[in-house]
Amino acid sequence: MADRLTENDVTPKHIYLRRREFMAGGAAMLGALTLGRDALATPADWMQQKIGAGFDTTMATDERITPFEDASTYNNYFEFGTGKSDPVNRSGDFRTDPWSVEIGGHCRNPGTYALEDIVQPKDLEERIYRLRCVEAWSMVIPWLGFPLASLIERMEPTSDAKYVRFETLYDPDQYPNQRAWFPAMDYPYVEGLRMDEAMHPLTLMAVGMYGEALPNQNGAPMRLVVPWKYGFKSIKAIVKIEFVSEQPANSWAVMQPREYGFYANVNPNVDHPRWSQATERRLPSTGLQANRIPTRMFNGYEEVAHLYEGMDLTRHRYI
Ligand SMILES: Nc1nc2c(c(=O)[nH]1)N[C@H]1C(S)=C(S)[C@@H](COP(=O)(O)O)O[C@H]1N2
Ligand SMILES: [Mo]
């Protein structure tokens, strides 16, 4: 289940409101607002640390929060390179301010919106979600964000809006792999969700993690988090959101259609053509201590199962 903070969590909102200042301030942004991100705390510890003893710990799972160090140094973000440490090593100068997002397609309020107008501080909350990559590693991350549904509702999609299509920034000046002789994929990176998936309360637009603004390598200034799907659905550095009537051609499915599809729901019973998906390596994971655990259907978020009733999930996982 999603662990949520809906009361007393003024700190994340406060941090977001100060975005411009701490972007400018660089490392100084951490300051007194940072709370134990080195953790390996349990979610219950994490919540208690943040809001005091009043937190209802029955909401929390007993899974430990992945240390910030792992979550921010072992990343997939092909625009910066295909190595897991390329994103942290190469994203230092990435500019996230100013940032605007073009929203359009079948909706009543299309336009180009400044990030500050998209993120409503009152909607920000912290949610502890697992992130499970196709390549079988996983993490538990305290995200800071808002339900995608609240943004969609403000845009007033029409009945022709059947899917939501997302696009990452295209800027070869800033993204080394976009100007490479042989780019790793066709850019810009594109992802999509069916409307009901996009509206599901678990679907989060993240602007931060571990109580701070998102690090560049994790998708600053705004990225999607769809916790029951493989990580590639969680598109980073979003600059365009479009309401469309046809299923979007998402980047990985276009690149390797035999391996990747549109739905990409986490499913331990359906293997990737090149490896098993039955287990995952929970970070931190090393050669000596792989920390391998069983993968769960829908990454453990079984409350989404009804969205796929009547669908052959074997077929829709990759095809
Ligand atoms: N724009 C963009 N978004 C992306 C990717 C990418 O290469 N480019 N990689 C995806 C993949 S495959 C994963 S597993 C997650 C990784 O998120 P993390 O680095 O925050 O763990 O980001 C996803 N979002
Ligand atoms: Mo991934």
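Use the structure listed above.
Presented here is an overview of the structure given in this document. As the structure is a computational prediction, the values presented were derived from the model and not from experiment.

About the cut-offs
- Residues numbered from 1 in each chain as written.
- Chains lettered and ligands numbered in written order.
- Predicted model: local features only at pLDDT ≥ 70, side-chain atom pairs only at ≥ 80, totals over all residues.
- Heavy atoms only, no water.
- Near = heavy atom within 4 Å.
- Polar contact = N/O pair within 3.5 Å; in protein donor to acceptor, adjacent residues only side chain to side chain.
- Areas by Shrake-Rupley, 256 points an atom, 1.4 Å probe, with all protein chains shown as cover.
- Nonpolar A, V, L, I, M, F, W, Y, C, P; charged D, E, K, R; others polar.
- Helix = DSSP H or I, 4+ residues; strand = E, 2+ residues; numbered from the N terminus.
- Buried < 20%, exposed > 50% of the residue type's maximum accessible area, 1.4 Å probe, protein only.
- Contact = heavy atoms within 4.5 Å.
- Core = buried A, V, L, I, M, F, W, Y, C linked by side-chain atoms within 4.5 Å.
- Pairing = 2+ DSSP bridges.
- Axes fitted to C-alpha atoms, helices over the stretch in contact; angles between N-to-C directions.
- Salt bridge = Lys/Arg side-chain N within 4 Å of Asp/Glu carboxyl O.
- Phe/Tyr/Trp six-rings, centres within 6.5 Å; stacked < 30°, edge-to-face > 60°.
- Lys NZ or Arg CZ within 6 Å of the ring centre and 35° of its normal.

**A few points about the site of ligand 1**
Residues in contact with ligand 1 amount to 17 residues; listed here are only the nearest, Asn75, Phe78, Glu79, Ser234 and Lys236. The contact in question runs from an oxygen atom of ligand 1 to an N or O atom on the backbone of Phe78, over 2.7 Å. Here a nitrogen atom of ligand 1 and a backbone polar atom of Ser234 are 2.9 Å apart. For ligand 1, whose free accessible area comes to 540 Å², the fraction covered by protein is 99%. Looking at side-chain class alone, the shell around ligand 1 contains eight nonpolar, six polar and three charged residues.

**Let's talk about the environment of Leu131**
Of note, Leu131 is situated in strand β4 (residues 125-132). Residue class for Leu131 comes out buried when judged on its relative accessible area of 12%. Note: C-alpha distance between Leu131 and Asn299 (168 residues apart in sequence) is 8.1 Å. What Leu131 contacts, discounting residues up to four positions off in sequence, is Trp137, Ser138, Met139, Trp143, Arg223 and Asn299.

**As for the nonpolar core**
Ranked by size, the top nonpolar core spans 81 residues in total, and within it Trp143, Phe166 and Ile241 carry the most contacts. At six residues, strand β5 (residues 137-147) tops the list of elements feeding residues into this core. Sequence-distant contacts of Trp143, defined by excluding residues within four places in its chain, comprise Glu125, Glu126, Arg127, Tyr129, Leu131, Leu204, Ala206, Gly208, Met209, Leu214, Arg223 and Val225.

**Comments concerning helix α7 (residues 148-155)**
α7 sits mainly inside the fold: six of its eight residues count as buried. Just downstream of α7, Glu156 is the residue with a positive phi angle, here 50°.

**A few points about the sheet that holds strand β6 (residues 163-168)**
Paired through backbone hydrogen bonds, the strands of a sheet run either parallel or antiparallel to each other. Here five strands make up an open sheet; going across it, the order is β3-β2-β11-β6-β7 and the pairing mixed. Each edge of the open sheet carries a strand with a single partner, namely β3 (111-114) and β7 (190-194). When the angles between neighbouring strand axes are averaged without regard to direction, this sheet yields 20°. Of the pairings in the sheet, the one linking β6 to β7 comprises five bridges and is antiparallel in character. Residue Phe166 lies in a different strand from β7, and its bridge partner there is Glu191. Here α7 sits on the sheet in contact with β2 (100-105), β3, β6, β7 and β11 (238-244), set at roughly 60° to β11.

**Details of the pattern of salt bridges**
Counting across every chain of the model gives 14 salt bridges. Across the pair Glu135 and Lys84 runs a salt bridge, and its minimum N-O distance is 3.3 Å. Of this pair, Glu135 sits in the loop between β4 and β5 while Lys84 sits in the loop between α4 (68-71) and α5 (86-90); the two residues are 51 residues apart in sequence, bridging distant segments of the chain. One network of salt bridges, in which partners are shared, links Glu63, Arg130, Arg132, Glu280, Arg282 and Arg296.

**A look at the pairing of β7**
Counting buried positions over the five residues of β7 gives five, a clear majority of the element. Across the two faces of β7 the burial is the same, with Val190, Gly192 and Arg194 and Glu191 and Leu193 all buried.

**Section: the environment of Glu212**
Tracing the backbone shows Glu212 in strand β9 (residues 212-213). Residue Glu212 is classed as buried on the basis of its relative accessible area of 6%. For the pair Glu212 and Leu144, spaced 68 residues apart in sequence, the C-alpha separation works out to 7.9 Å.

**Some thoughts on the packing of aromatic side chains**
On inspection of all chains with the given rule, the structure shows 17 aromatic pairs. With a centroid separation of 5.0 Å and 75° between ring planes, the pair formed by Phe80 and Tyr175 is classed as edge-to-face. A residue pair is termed long-range when its members are at least 10 positions apart, and Phe80 in the loop between α4 and α5 and Tyr175 in the loop between β6 and β7 qualify at 95 residues. Comparing Phe80 with Tyr175, the two get one shared label, buried. Chaining the aromatic ring pairs together yields one cluster made of Tyr77, Phe80, Phe94, Trp99 and Tyr175. Directly above the ring of Tyr301 sits Arg130, whose terminal nitrogen or CZ lies 4.9 Å from the centroid. Taking NZ or CZ as reference, Lys233 lies 4.1 Å from the ring centre of Phe262, over its face.

Read these as layout, nothing more, since geometry by itself doesn't imply function.
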